[in-house]
Amino acid sequence: MSNVVIALLIAVGISHAQTPEITAEFYGNKGNIEKQFDDVMKHKIGEAGFQVMKANVHIENFYYEKYNEKGVEMISFYDVINKEAIRPLLLQNPDFGAFTPFNFLIYKTLDRQRDDYTWYGHLSAEMMLDIIGEKDAASKEAFTTMITGLDDVVKKNLKPEKTHIFKPQSPLPKVTLTKMVKKFEAPDDMEEFVEDFVMEHDGRFSKHDFIIAGFIDLKFEYSDMDLAFDKYDAYWVSLLCHFEFSNSIFNRGKPEAGMFAPCSIYFYIPKGKNELHVGYSSVTNWISGLDFTDRKRIDYMKSIDAEVIETFKELGFELIQK
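Note that this is a predicted model, so its numbers are computed, not measured. (Residues numbered from 1 in each chain as written. Predicted model: local features only at pLDDT ≥ 70, side-chain atom pairs only at ≥ 80, totals over all residues. Heavy atoms only, no water.)

Engineer: Got a minute to help me understand the sheet that holds strand 2 (residues 51–56) in this structure?
Structural biologist: As a general point, the strands of a sheet are linked pairwise by backbone hydrogen bonds and lie either parallel or antiparallel. A sheet is described by the order of its strands in space; here 6 strands give the open sequence 2-3-4-5-1-6, paired in antiparallel fashion. One side of each edge strand has no neighbouring strand; the edge strands of this open sheet are strand 2 and strand 6 (162–166). In this sheet, neighbouring strand axes are inclined to one another by 25° on average, regardless of whether the strands run parallel or antiparallel. With 3 bridges joining them, strand 4 (residues 102–109) and strand 5 (residues 117–121) adopt antiparallel strand pairing. Opposite Y107, over in strand 5, you have W119 as the bridge partner. On the sheet, helix 2 (residues 34–43) packs against strand 2, strand 3 (72–81), strand 4 and strand 5 and is oriented at approximately 5° with respect to strand 3. Most of the contacts of helix 6 (residues 137–158) go to strand 4, to which it runs at about 30°, and overall it touches strand 1 (24–30), strand 3, strand 4 and strand 5. (Pairing = 2+ DSSP bridges. Helix = DSSP H or I, 4+ residues; strand = E, 2+ residues; numbered from the N terminus. Axes fitted to C-alpha atoms, helices over the stretch in contact; angles between N-to-C directions. Contact = heavy atoms within 4.5 Å.)

Engineer: Would you take a moment to explain the packing of aromatic side chains for this structure?
Structural biologist: The geometry of two aromatic rings is summed up by the distance between their centres and the angle between their planes. Going through the model one piece at a time under the given rule, you end up with 33 aromatic pairs. Between F245 and Y300 the ring centres are 6.2 Å apart and the planes differ by 35°, which places this aromatic pair in the tilted class. In this pair, F245 sits in helix 9 (residues 243–250) while Y300 sits in helix 11 (residues 295–314), placing the two residues 55 residues apart along the sequence. Here the aromatic residues F197, F205, F210, W236, F267, Y280, F312 and F317 are joined through ring pairs into a cluster of three or more. When the ring centre of F292 is taken as origin, the NZ or CZ atom of K254, which lies over that ring, is 5.0 Å away. (Phe/Tyr/Trp six-rings, centres within 6.5 Å; stacked < 30°, edge-to-face > 60°. Lys NZ or Arg CZ within 6 Å of the ring centre and 35° of its normal.)

Engineer: Got a minute to help me understand the layout of surface pockets in this structure?
Structural biologist: Over the atoms rolls a probe the size of a water molecule, and its path tells where empty space is left. Considered as a void within the structure, the largest pocket measures approximately 330 Å³ in volume. Contributing to the lining of the largest pocket are 14 residues, with E191, V194, D217, K219 and F220 lying nearest its centre. Sorting the residues of the lining of the largest pocket by element identifies helix 7 (190–207), strand 8 (211–217), helix 8 (218–224) and strand 9 (232–241) as the ones contributing at least two each. For the lining of the largest pocket, the per-class residue count stands at 8 nonpolar, 1 polar and 5 charged. What the second largest pocket holds in volume is close to 190 Å³. Lining the second largest pocket are 13 residues, with E25, Y27, H122, S124 and D151 positioned closest to its centre. (1 Å grid on protein atoms, 1.4 Å probe; cavity = no way out; pocket = protein on both sides within 12 Å on 5 of 7 lines; lining within 4 Å. Points joined across faces, edges and corners; volume = space filled by probe spheres on them. Nonpolar A, V, L, I, M, F, W, Y, C, P; charged D, E, K, R; others polar.)

Engineer: What is the right way to look at the pairing of strand 5 in this model?
Structural biologist: Side chains on a regular strand alternate between the two faces of the sheet. With 5 of 5 residues buried, strand 5 lies mostly within the body of the structure. Burial along strand 5 is two-sided: the face carrying Y117, W119 and G121 and the face carrying T118 and Y120 are both buried. Bridge count between strand 1 and strand 5: 4 bridges; the pairing is antiparallel. Residue pairing in the sheet places G28 in a bridge with W119 of strand 5. (Buried < 20%, exposed > 50% of the residue type's maximum accessible area, 1.4 Å probe, protein only.)

Engineer: Looking at this model, I keep getting lost on the nonpolar core. Mind explaining?
Structural biologist: The nonpolar side chains of a soluble globular protein tend to be buried, and buried together. Counting 102 residues, the largest nonpolar core has F143, W286 and F312 as its most contacted members. The residues contacting F143, other than those within four sequence positions of it, are I86, L89, F96, A125, M128 and L129. (Core = buried A, V, L, I, M, F, W, Y, C linked by side-chain atoms within 4.5 Å.)

Engineer: Help me understand the environment of E141 in this model?
Structural biologist: Here E141 shows up in helix 6. Through-space distance from the C-alpha of E141 to that of A125 is 9.7 Å; in sequence the pair is 16 residues apart.

Engineer: Would you explain a negative patch on the surface in this entry?
Structural biologist: On the surface, D188, D189, E191, E192, E195, D196 and E200 cluster together into a negatively charged patch. Mapped onto the fold, D189 is located in the loop between strand 7 (177–183) and helix 7. (Patch = residues over 30% accessible without salt bridge, like charges linked within 9 Å, V, L, I, M, F, W, Y side chains within 5 Å. Areas by Shrake-Rupley, 256 points an atom, 1.4 Å probe, with all protein chains shown as cover. Salt bridge = Lys/Arg side-chain N within 4 Å of Asp/Glu carboxyl O. Lys, Arg positive; Asp, Glu negative; His and termini not counted. Charge placed at Lys NZ, Arg CZ, Asp CG, Glu CD.)

Engineer: Explain the environment of A98 here, please?
Structural biologist: Along the chain, the position of A98 falls in the loop between helix 4 (83–92) and strand 4. A98 sits in the buried class, given a relative accessible area of 4%. Considered as a pair, A98 and F260 are 162 residues apart in the sequence and their alpha carbons are 11 Å apart.

This is the structure we're talking about:
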C-alpha cells in the first residue's frame, strides 16, 4: 500500500504537464518589415500594458562575426513584459517567472524565392501555461487575456498577410520546469546578498560560455511602482543565452526555435525563508514543441541543458525537480 501512495504522490506532485494544441502562431508580412516591427514593439505595445524589457537585435550579425555563418537574413529577440498584469499571477505562483519576460521573436530566412516573408510571434499562451503547470482557471484566463491583448495590438498595427501554426510533435515531458534550491544563512543585508550572488552567478556562467542577455529585479520594480510584492524577500529574472548553442539551431535551419529563447531563469526568496529558489523551462520542451528529429542535435541540446544544471550545482543548488 505504501508504494501505491508514494506513486500517487509522485504523479500528483510532478507529472503535471499537458500538451497544448499549438506551440505558437506566427504572423507573416511580405518582404523585410523589421523597422515597422521595431516601431510597434517600442511605441505601440504599451497600449496593451506591455513594454520591451530587453531587445537583442540582429543576432545574425553576432553569428557571422563569431562563426562566419549566415543562415538567416535577420533574427531578433524582443523580451516583453506586462509588469502590472503579471504581478498578481507571480504572487499566486512564482513559476510564472519562466515567461516573465517572454520572447517576441522576429526573423526572416534567406530563401526569398520560397519564403520572402518576415515572421514574428511567440509561444502560445496555452503552451506557456502548460509548461508552467498552472491549474487555476482564473489565473489561466488572466494570463491568456494579457497575451491576447498584446497580439491584438501587434496585428492591428502590422496587419499580417499570412499565419503559420507550429504544433507539438510529441507530448510535453512529464516535468517541464527544472527547479533547484540553495539554502543560506540569514544575511545582515538582503540586497547586498542578492547583489553578491548575481555577480557570482554571472561570472560562473560566463566561464561556461553563457551570457546574460537581460536582467530584471521585479522586487525592486514593484517597490518603485508602489505595488505590494511582500510574498518574496527577493525576486529577479535573468535571461540566459549560449551563442554556440543558439547558432547551431537558429542559424542552421530552425530560426523559429528562437521562440523558446533566451531562457528566462527566475530566482526568488520566499519571505522569511533562507532559501533561494531557481526555475526555468527545460530544453525538452523545445524538442517536444517543434519538429526536432536529428538525434545528434537533440543530444547536443540536452548536453547544454545538463551544463546549466551542473553550473547551478557549482553555485550550491540542489535539484528538487527535473
